[in-house]
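Working through the structure, step by step
The primary structure of each chain is shown beneath.
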Amino acid sequence: FYKTLKMSIVEASIENKVTAEAETQPKLRVAIQGVPGAFHDIAARHFFGADRVDIVPAHTFRQLVEQVENGAADTGLMAIENTIAGSIIGNYRLLTASKLRAVGEVYLRIRQNLMALPGQRIEDVREVHSHPIAIAQCDEFFAQHPHIRLVEMEDTALSAQRIAQQQIKGVGAI
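Calculation criteria
Residues numbered from 1 in each chain as written. Predicted model: local features only at pLDDT ≥ 70, side-chain atom pairs only at ≥ 80, totals over all residues. Heavy atoms only, no water. Helix = DSSP H or I, 4+ residues; strand = E, 2+ residues; numbered from the N terminus. Buried < 20%, exposed > 50% of the residue type's maximum accessible area, 1.4 Å probe, protein only. Contact = heavy atoms within 4.5 Å. Polar contact = N/O pair within 3.5 Å; in protein donor to acceptor, adjacent residues only side chain to side chain. Pairing = 2+ DSSP bridges. Right-handed = clockwise from strand over helix to strand, strands pointing away. pLDDT = per-residue confidence, 0-100. Phe/Tyr/Trp six-rings, centres within 6.5 Å; stacked < 30°, edge-to-face > 60°.

If you tally the helices and strands in the chain, you get 6 helices and 9 strands. When the 174 residues of the chain are sorted by exposure, 45% land in the buried category. The contacts of the chain with a sequence gap of at least 6 include a subset with a gap of at least 24, amounting to 72%.

What follows is the structure in structure tokens.
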């Protein structure tokens, strides 16, 4: 599945505006929703430069906004549009209600993959855990596999990480 995700770079003030050109600056603390390996992580490293960022993970977009506002992160990156799911209204609301504003954007081509533990076939998968947007992006696929129960989780990468660490058979992640 290929989709495009538009993400905005958000900051608290114009004085702290982030630029990607100065290599001598200290690493930027970039708040993302998700964990290392998540799409937001990939987008942040693409936009700012892989070796220029220290990722500050957040479980929710609200927590991301709080981290930027309270100075725990220098800047943040959050999804605001998705070619399949459309505008992510909740994130627009968070921006409107906060002291943050969008100061840049990055587009990331998303390729979703269904993952499970080695040796499992699609017939063995009873559940798939993932972020609601990822599930929505793959609804046509899952319509062809009605035996799979879809379980919404806070993050795509975190879902895969849990399954791998706990060695959960019969459960996949997008």
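This part covers the environment of Ala157. Topologically, Ala157 is positioned in helix α6 (residues 156-166). Taking the C-alpha atoms as reference points, Ala157 and Gly34, 123 residues apart in sequence, are found 7.2 Å from one another.

Taken together, the buried positions of α6 are Thr156, Ala157, Leu158, Ser159 and Ile163. Where α6 is buried, its residues touch α1 (39-48), β7 (127-130), α4 (132-137) and β9 (171-173). Backbone nitrogen of Ala157 and a side-chain oxygen of the N-cap are separated by 3.2 Å at the start of α6; the cap is Asp155. The positive-phi residue at the C-terminal boundary of α6 is Gln167, with phi of around 50°.

Glancing now at the pairing of strand β2 (residues 28-33). Among the 6 residues of β2, 5 are classified as buried, and the element is accordingly described as predominantly covered. Pairing of β2 with strand β3 (residues 53-58), which is carried by 6 bridges, proceeds in the parallel orientation. By the bridge assignment, Val30 is partnered in β3 with Ile55. Once the chain exits β2 it traverses α1 before rejoining the sheet at β3, and the crossover so formed is right-handed. Here 3 bridges tie β2 to strand β4 (residues 75-82), and the two strands are oriented parallel to one another. In the strand pairing of β4, Ile32 is matched with Leu77.

As for its position among the elements, Pro57 is in strand β3. Overall, Pro57 belongs to the partly exposed group, its relative accessible area being 41%. When the C-alpha atoms of Pro57 and Ala31 are compared, they prove to be 5.8 Å apart, with 26 residues separating the residues in sequence. If sequence neighbours within four positions are ignored, Pro57 has contacts with Ile32, Gly34 and Gln67.

Note that predicted coordinates carrying low pLDDT should not be read in detail. Counting all residues, the mean pLDDT for the chain is 86, and 86% of those residues have values of 70 or more. Confidence drops under pLDDT 50 across residues 13-22; counting only partners more than four residues distant or on other chains, this segment forms 15 contacts.

Applying the stated criterion to the full structure yields 2 aromatic pairs. For the ring pair Phe47 and Phe48, a centre distance of 4.8 Å and an interplane angle of 85° mean the geometry is edge-to-face. Ring geometry for Phe141 against Phe142: centres 5.2 Å apart, planes inclined by 80°, an arrangement best described as edge-to-face. Exposure remark for Phe142: the relative accessible area of 6% places this residue in the buried category.

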